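Coordinates in review
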Amino acid sequence: MAGGKTFSELGVSAPLLRALEKQHIAVPTAIQELAMPVVAEGRQVYLHSETGSGKTLAYLLPLFEKLDLKREATQVVVLAPTHELAIQIQRQACDLAQHSGMAVKTLLLIGGTSMDRQLEKLKKKPHLVVGSPGRVRDLMTLGKVKANTVRTLVLDEADTLLGGEGAEMVRRIVSLLPAQRQVVMVSATRGEGVLEVAGELAPGHALIETGPEPVNERIEHVYLVCEQRDKPDVLRKAIHAFDAQRALVFVHKNARAEVVSAKLAHHKIEATDLHGAFDKESRKRAMEDFRSGRARVMIASDVASRGLDIPGVTHVFNLDAPSQSKVYTHRVGRTGRAGASGVAVSVLTELESRLVRRWEAELGIRLQEVRLREGRVVPVGGPGRRG
């Protein structure tokens, strides 16, 4: 368990402390407290912690402290499995640089965008590069990203990067780096065989884990029971009844997302579909519409939304029920962030409602059954109990 150290005690310098203050981040999370000293020492490490536990800052802060800003060379490379996650990490790095006043040059290198433009920006010798494995590998192979100057390689969502075909791409990148390099691996879950590949790429790495974070107490949990065919209509009515200003709707299948999106659009509720967006531009547009408030609702799957930190989500709707409690935690954790309150609404069939007891028992929460009546939310039975 973490011992309650401050960021200052963890070696964070005054400029970065100011940057954290501007982002209203005051107290280190458990993974930050445990990981930051290890990353700062330059050790090989695997960080395993729940979604939303602050893993990005756990490696960015100590790596910012280690950058030699007088040296015009790429010293840190961060790999991410999706363009959205890469963009998010890049944004966090830019915020740290801007708010701290540190002259850290960063560059985003992802596919689907102009390589010529990226080559031009690489001439400015960024200190830190964030990118997708394919584009980074290509640019390293061409000698445009100078592999011999890289001190640290970060694999964010390492379980995805090191699984299947992605592992070979990462191996190629690692093979181009200096022998004395640091590899930092980060993930919220660990797939089969991932630690074996991690051991191959970073022999003798330290494994730092934190247990599941308790479910945010500022989140209210409720559920509605209806027929499967009625779910899209119930969702539409629930968005109005709960006055959901910025809602994230989780589904399993594309067909479901398309039906829901069309139903909401018919009733003048602006929705964007991250789950059904297959190309980079449509996914980027979906995210921008939701972040800016042009769309009140974003439809997503667990895979499509993985690693994304979307500010200001007031409500999470589980239109397709998560069978595992940890997935429920990941989903609902998208709301109630940064001191705000949030509401998690699960739209369940009678059969799916059996999951409620499992969620309550395994997560230590209470779910209140509710009904919609004349546009209002009406509790069923006693608080936190099924009727």
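Here is what the cut-offs are and how they apply
- Residues numbered from 1 in each chain as written.
- Predicted model: local features only at pLDDT ≥ 70, side-chain atom pairs only at ≥ 80, totals over all residues.
- Heavy atoms only, no water.
- Buried < 20%, exposed > 50% of the residue type's maximum accessible area, 1.4 Å probe, protein only.
- Helix = DSSP H or I, 4+ residues; strand = E, 2+ residues; numbered from the N terminus.
- Contact = heavy atoms within 4.5 Å.
- Phe/Tyr/Trp six-rings, centres within 6.5 Å; stacked < 30°, edge-to-face > 60°.
- Lys NZ or Arg CZ within 6 Å of the ring centre and 35° of its normal.
- Pairing = 2+ DSSP bridges.
- Axes fitted to C-alpha atoms, helices over the stretch in contact; angles between N-to-C directions.
- Salt bridge = Lys/Arg side-chain N within 4 Å of Asp/Glu carboxyl O.

What follows covers helix 2 (residues 30-40). Since the α-helix packs 3.6 residues into each turn, any two residues three or four apart lie on the same face. Looking at helix 2, one finds that the buried residues are Ile 31, Gln 32, Glu 33, Ala 35, Met 36, Val 38 and Val 39. Each element contacted by the buried residues of helix 2 is listed here: strand 1 (45-48), helix 3 (55-66), strand 6 (182-187) and strand 7 (206-209).

Tallying each qualifying case throughout the model produces 2 aromatic pairs. A ring pair is formed by Phe 242 and Phe 317, whose centres lie 6.4 Å apart and whose planes are at 80°; its orientation type is edge-to-face. Remark: Phe 317 occurs in strand 12 (residues 315-318) and Phe 242 occurs in the loop between helix 10 (231-241) and strand 9 (247-250); sequence separation between them is 75 residues. Above the ring of Phe 290, the side-chain terminus of Arg 246 is found at 5.7 Å from the ring centroid.

Here the focus is the sheet that holds strand 7. Pairing between the strands of a sheet is mediated by backbone hydrogen bonds and can be parallel or antiparallel. As summarised here, the arrangement of the 7 strands in space is 3-4-2-5-6-1-7, forming an open sheet in which the pairing is parallel. Edge strands, defined here as strands with exactly one partner in the open sheet, are strand 3 (106-109) and strand 7. Taken pair by pair, the neighbouring strands of this sheet meet at an average axis angle of 15°, ignoring direction. Its contacts with the sheet place helix 4 (residues 83-100) against strand 2 (76-79), strand 3, strand 4 (128-131) and strand 5 (152-156), and it is angled at close to 175° to strand 3.

Judged by pairing direction, the sheet is mixed, and its 8 strands sit side by side in the order 10-11-9-12-13-8-14-15 without closing on themselves. Across the chains shown, the open sheet's two edge strands, defined by having one partner strand only, are strand 10 (271-273) and strand 15 (376-379). For this sheet, the mean inter-axis angle between neighbouring strands, taken without regard to orientation, is 30°. Running at roughly 145° to strand 12, helix 13 (residues 325-332) makes contact with strand 8 (219-225), strand 9, strand 12 and strand 13 (342-348) of the sheet.

A word on the pattern of salt bridges. Here the structure, examined in full by the defined rule, presents 11 salt bridges. The partner of Glu 72 in a salt bridge is Lys 105, with the nearest N and O atoms 3.9 Å apart. Note that Glu 72 is positioned in the loop between helix 3 and strand 2 and Lys 105 in the loop between helix 4 and strand 3, a separation of 33 residues in sequence. With its nearest N and O atoms 3.3 Å apart, the salt bridge here joins Arg 236 to Asp 233. One end of the pair, Arg 236, and the other, Asp 233, are both in helix 10, 3 residues apart, so they sit about a helical turn from each other.

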